[in-house]
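# Inside the fold
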Amino acid sequence: MLRLVRPGLHLARGHRALQAVPDTLVAALDRVVGSTNVSVSDAVRWQHGQDESIHPCCPPDVVVWPQNVEEVSTCARLCYEQHVPMIPFGTGTGLEGGVSAPQGGVCFDLSAMADVVVVHPEDQDATVQPGVTRSKLNHNIASYGLTFPVDPGADASLCGMVATKASGTNAVRYGTMRENTLNLEVVLADGRILNTAGKDRRARKSAAGYDLTSLFVGSEGTLGFITQATLHLHALPEGSMVAVCPFPSVRAAVDATVDILHSGVPIARIEFLDEAMMTACQQYSGLDVTKSPTLFLEFHGSQGSLRDQVKTTEDVVKDHGGMEFNWAQEQETKSKLWKARHDALYAVRSLRPGWKCYVTDVCVPISQLPDVILATQDDLKASGLVGPIVGHVGDGNFHCAVLSDPSETGSGETVHAFSTRLAERALAVGGTCTGEHGIGLGKRHLLSSEVGLTGIWAMSALKAALDSRGLMNPGKVI
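Residues numbered from 1 in each chain as written. Predicted model: local features only at pLDDT ≥ 70, side-chain atom pairs only at ≥ 80, totals over all residues. Heavy atoms only, no water.

## A few points about the overall build of the protein
From N to C terminus, the protein includes 16 helices and 18 strands. The C-alpha radius of gyration of the protein comes to 23 Å, within 12% of the 23 Å expected for a compact globule of 478 residues. Based on the C-alpha atoms only, the size of the protein along its principal axes is roughly 70 × 60 × 45 Å. By residue count, 55% of the 478 residues in the protein fall in the buried class. As displayed, the protein offers around 19700 Å² of accessible surface, 52% of which is attributable to carbon and sulfur atoms. Measuring between centres, the 39 positive side-chain charges of the protein sit 3 Å from its 51 negative side-chain charges. (Helix = DSSP H or I, 4+ residues; strand = E, 2+ residues; numbered from the N terminus. Rg over C-alpha atoms; globule rule 2.2 N^0.38 Å. Buried < 20%, exposed > 50% of the residue type's maximum accessible area, 1.4 Å probe, protein only. Areas by Shrake-Rupley, 256 points an atom, 1.4 Å probe, with all protein chains shown as cover. Lys, Arg positive; Asp, Glu negative; His and termini not counted. Charge placed at Lys NZ, Arg CZ, Asp CG, Glu CD.)

Here's what the structure looks like:
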């Protein structure tokens, strides 16, 4: 694998003065991972300084590609000894600037560590390296009749999904990364290697000591490098059905969601798209659907249980004015519908080519969803913003993809103000400022409002204990 390598680190940064990494450190990194796995080229650095968010690119000074955990450990120790910041990088699909390097430093691209280490079909678990994506794992385990259902939309790396506590469309039935992570191998800032549940442990539950695994789930690279994850797998469902149902109003669609969940239907996915989002998806993906607030639903189970789930859901939908129920059982049709849902971000961007798109999310108690979504739509209209809404409403999480014209003075401030009001609206009803995107760079100012000053103190104390020099992904979360 060829990397572009140039001697010397005195490179222009534009928005930030260069914080040079010593040449001696670059030489040492080169000796550890090999010259083809170290790069200081402008193109490679800038590629690693930005995710899919609207946060400005802040490139690292150096990018390295370790090939194994020992190389990650050695490189981390070298950076630690010279007080150089370290930034983990997976696939760069984050939405809150988590991979940017505002203080410069060394980016550790872990994509070369891409082995499915072991699968235990009888225990329904697998251990993967950080370069393994969800689709790769599912390809490897399909022959066992197993799946890893946590699905954030993008084909993100699984260890990156652990770091951001990803969830997605299946979380209402199968849980998030937190519920599906059994053990982690983590390289700490000083190079020490930690196994959060003990080396090679993969029990479904444990009451032994502090829950270190959950500490690193959602840590966003600020506490260490996740170099291996042991994950809980699930059996492939015997059968599945997908339905698309339009509603006369947002409130009708979301109220129907609440009642479906209260009815006890073990629904696998229930996604809400407002009228603006349905319009975007219709234009971008060619869906033949009604342009109105819509629910996408998926059911898993045996043929008998599917019939029962469908009957109960249809009754609820009719009670809330659902206009029609379009069912799909053929795999091609189901795949087309869910691809359109997963392509929602690109569909929104296509509405205004050249405009910036800021995707923000909140999560609220399900009973509060109708009022919060309606208030958010009113806020968008009053602010003069285009912001289609899509949500994993089965667990109270929804996203707003806000478009802004970069040539318009003050557009960025308008979007930021809207995003802050949205988060405050969620917090006011007992929700959270982010259900799955994370804090990253963009929501640090909201974290203290959510967890309180004592919560910030506790997080800061944990950060100091594990990363006393503040070198792991600095500037993020706290």
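Continuing now.
## Brief notes about the pattern of salt bridges
Where side chains of opposite charge bring their charged atoms close, a pairing between them can arise. Taken as a whole and assessed by the stated rule, the structure comprises 17 salt bridges. E271 is paired through a salt bridge with R341; the nearest N and O atoms lie 2.7 Å apart. Taken as a pair, E271 in strand β13 (residues 269-273) and R341 in helix α12 (residues 331-342) lie far apart in primary sequence, 70 residues in all. Per residue, the accessibility class of E271 equals that of R341, and both read buried. A salt bridge links K339 to D343, with the nearest nitrogen and oxygen atoms 2.6 Å apart. Owing to a relative accessible area of 52%, K339 belongs among the exposed residues under this scheme. A relative accessible area of 13% places D343 in the buried class. (Salt bridge = Lys/Arg side-chain N within 4 Å of Asp/Glu carboxyl O.)

## A word on the confidence of the model for the protein
Averaged over the protein, the pLDDT score is 91; the fraction of residues at 70 or greater is 96%. Segment residues 1-18: pLDDT under 50, and 50 contacts once partners within four positions in sequence are set aside and those in other chains are kept. (pLDDT = per-residue confidence, 0-100. Contact = heavy atoms within 4.5 Å.)

## Quick word on helix α16 (residues 444-466)
Between its terminal C-alpha atoms α16 stretches only 20 Å, short of the 33 Å expected from 23 residues at 1.5 Å a residue. Residue G452 marks the point of greatest curvature in α16, where the axis turns by about 105 degrees. Considering only its buried residues, α16 is in contact with α15 (411-428). (Expected span 1.5 Å × (residues − 1). Bend = angle between axes of the 7 residues up to and from the residue.)

## Section: the pairing of strand β12 (residues 239-246)
Along β12, eight of the eight residues are buried, which leaves the element largely enclosed by surrounding structure. Residues G239, M241, A243 and C245 line one face of β12 and the alternating positions S240, V242, V244 and P246 line the opposite face, and both faces are buried. Where β12 meets strand β14 (residues 294-301), eight bridges bridge the pair, whose relative direction is antiparallel. In the strand pairing of β14, P246 is matched with T294. (Pairing = 2+ DSSP bridges.)

## Remarks on the nonpolar core
Counting 39 residues, the largest nonpolar core has F247, I260, F272, L295, L297, I373 and F398 as the members making the most contacts within it. It is helix α9 (residues 250-262) that contributes the most residues to this core, six residues altogether. Setting aside residues up to four positions removed in sequence, I260 forms contacts with V265, I267, I270, L297, T313, V316 and V317. Membership of the second largest hydrophobic core comes to 29 residues, among which are V132, M177, V186 and A229. (Core = buried A, V, L, I, M, F, W, Y, C linked by side-chain atoms within 4.5 Å.)

## A few points about the packing of aromatic side chains
Geometry of an aromatic ring pair is reported as the spacing of the ring centres plus the angle between the planes. A full pass over the atoms with the stated rule returns four aromatic pairs. Note on F108 and F225: the rings are 4.3 Å apart at their centroids and 35 degrees apart in plane angle, and the pair reads as tilted. Of this pair, F108 sits in strand β4 (residues 106-109) while F225 sits in strand β10 (residues 225-232), and the two are 117 residues apart along the sequence. Taking the relative accessible area as the measure of exposure, F108 reaches 0% and is therefore buried. By relative accessible area, F225 is classed as buried at 0%. Aromatic pair F296 and W338: ring centres 5.9 Å apart, planes at 70 degrees, arrangement edge-to-face. Placement of F296 in strand β14 and of W338 in helix α12 is noted, with a sequence separation of 42 residues between them. Take F296 and W338: they sit in the same class, and that class is buried. (Phe/Tyr/Trp six-rings, centres within 6.5 Å; stacked < 30°, edge-to-face > 60°.)

## Quick look at unusual backbone geometry
Even without being glycine, E220 reaches a positive phi, approximately 55 degrees. With respect to the helices and strands, the residue E220 is situated in the loop between α8 (212-216) and β10. The buried category is assigned to E220, whose relative accessible area is 14%. Of note in the backbone geometry, V477 takes a positive phi value of approximately 70 degrees without being a glycine. With respect to the secondary-structure elements, V477 resides in the segment after α16. The class of V477 is buried, set by a relative accessible area of 14%.

## Some thoughts on the side chain of T434
On the secondary structure map, T434 appears in the loop between α15 and α16. Judged by its relative accessible area of 13%, T434 falls in the buried class. Reaching out from T434, the side chain makes a polar contact with the side chain of D361 at a distance of 2.9 Å. Separated by 3.0 Å, the side chain of T434 and the backbone nitrogen of G438 make a polar contact. Among all residues touching T434, those that are not within four sequence positions of it are D361, V362, I439 and K443. (Polar contact = N/O pair within 3.5 Å; in protein donor to acceptor, adjacent residues only side chain to side chain.)

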